Amino acid sequence: MKFFIDTANLKQIEEARDLGILDGVTTNPSLMAKEGITGRENIMQHYKTICELVEGDVSAEVISTDLDGILREADELADIAPNIVIKVPMIKDGIKAISKLHEMNVPTNCTLVFSAGQAILAAKAGATYVSPFIGRIDDINWDGMQLIHQIAEIYAIQGFETEILAASIRSSLAIVEAAEAGADVVTCPLDSIMGLLKHPLTDIGLAKFLEDHKRGN
Ligand code: G3P
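Residues numbered from 1 in each chain as written. Predicted model: local features only at pLDDT ≥ 70, side-chain atom pairs only at ≥ 80, totals over all residues. Heavy atoms only, no water.

**Q** Describe unusual backbone geometry, naming the residues involved and giving the relevant values.
**A** Even without a glycine there, the phi angle at Asn105 is positive, about 60 degrees. Relative to the helices and strands, Asn105 is located in the loop between α5 (92-103) and β5 (108-113). Unlike most non-glycine residues, Leu112 shows phi in positive territory, near 65 degrees. You can see Leu112 is positioned in strand β5. Given a relative accessible area of 34%, Leu112 falls into the partly exposed group. (Helix = DSSP H or I, 4+ residues; strand = E, 2+ residues; numbered from the N terminus. Buried < 20%, exposed > 50% of the residue type's maximum accessible area, 1.4 Å probe, protein only.)

Dropping the structure here:
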């Protein structure tokens with residue numbers, strides 16, 4: 001399973017990268033705005049900086065919602081760096097754009113996916129990644145993780161090659177559950193990744209080892 005970090009914060013990207021486990025980055029317009037990155041030129045420059053920090057895939061989201069606009073933005077974003085993946089919303093023109101980008105061998109991430117039907121369309125269109133938003137489904141009292149199970153089963157039965165990118169992951173437990181459910185990728189905030197390190201028995205065990213070592217010397 002691949003680990004992506006879901007942020008536009010450069011320090012956090014570096015911290016995850018330095019762990020040696022980072023496979024890529026996902027961003028979205030809200031995450032860019034959170035870092036105060038506004039205006040087309042600044043946004044493009046920020047993507048460039050992120051692409052220089054990490055070797056893996058960096059999802060850059062289009063703002064247009066019509067086919068021509070999405071393809072124009074995709075063209076500009078793809079020019080930034082070879083590891084850019086074009087993030088396209090699950091809308092009619094988004095699916096058309098993903099099909100065309102697939103024909104041109106441009107990698108895509110179909111975002112804002114909330115149902116298995118949408119995931120089937122994304123795969124049929126040839127999306128590289130499909131991003132079901134787990135946390136946001138949980139927010140409305142449905143079972144986000146169940147959707148990952150369902151998509152994983154459908155993709156396996158149908159032989160779809162699109163990778164399942166579990167998004168809107170907000171806890172370390174959700175990372176583990178997404179792995180169990182068959183996600184190919186999880187994208188999550190830094191604190192959820194770091195939370196995987198934690199176990200009280202590790203801390204107790206390490207303290208004891210160090211104490212015994214000191215006593216032995
Ligand atoms: O990857 C999608 C993610 O950024 C959305 O997360 O927590 O805003 O639902 P959240």
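**Q** Residue-level account of the sheet that holds strand β2 (residues 24-26), with values.
**A** Taking strand neighbours around the barrel as the criterion, the eight strands line up as β1-β2-β3-β4-β5-β6-β7-β8 in a closed arrangement whose pairing is parallel. Ignoring strand direction, the axes of neighbouring strands in this sheet form an average angle of 30 degrees. Of the strand pairs in this sheet, strand β6 (residues 129-132) and strand β7 (residues 163-166) are connected by two bridges, and their pairing is parallel. Across the sheet, residue Val130 finds its bridge partner in β7, namely Ile164. Relative to the sheet, α5 contacts β4 (84-89) and β5, its axis offset from that of β4 by approximately 150 degrees. Each of β5 and β6 is contacted by helix α6 (residues 116-125), which is oriented at about 165 degrees to β5, the strand it contacts most. (Pairing = 2+ DSSP bridges. Axes fitted to C-alpha atoms, helices over the stretch in contact; angles between N-to-C directions. Contact = heavy atoms within 4.5 Å.)

**Q** Now, about the site of the ligand: what can you tell me, with residues and values included?
**A** Asp6, Asn28, Phe133, Arg136, Ala167, Ser168, Arg170 and Thr187 make up every residue found near the ligand. Contacts to the ligand include Asp6, whose side-chain N or O atom sits 2.6 Å from an oxygen atom. Within the complex, the protein chains bury 82% of what would otherwise be the 300 Å² of accessible surface of the ligand. When atoms are counted within 2 Å of each cavity's grid points, the one that captures over half of the ligand is the largest pocket. Looking at the shell around the ligand residue by residue, the classes come out as two nonpolar, three polar and three charged. (Near = heavy atom within 4 Å. Polar contact = N/O pair within 3.5 Å; in protein donor to acceptor, adjacent residues only side chain to side chain. Areas by Shrake-Rupley, 256 points an atom, 1.4 Å probe, with all protein chains shown as cover. 1 Å grid on protein atoms, 1.4 Å probe; cavity = no way out; pocket = protein on both sides within 12 Å on 5 of 7 lines; lining within 4 Å. Sits in = over half its atoms within 2 Å of the grid points. Nonpolar A, V, L, I, M, F, W, Y, C, P; charged D, E, K, R; others polar.)

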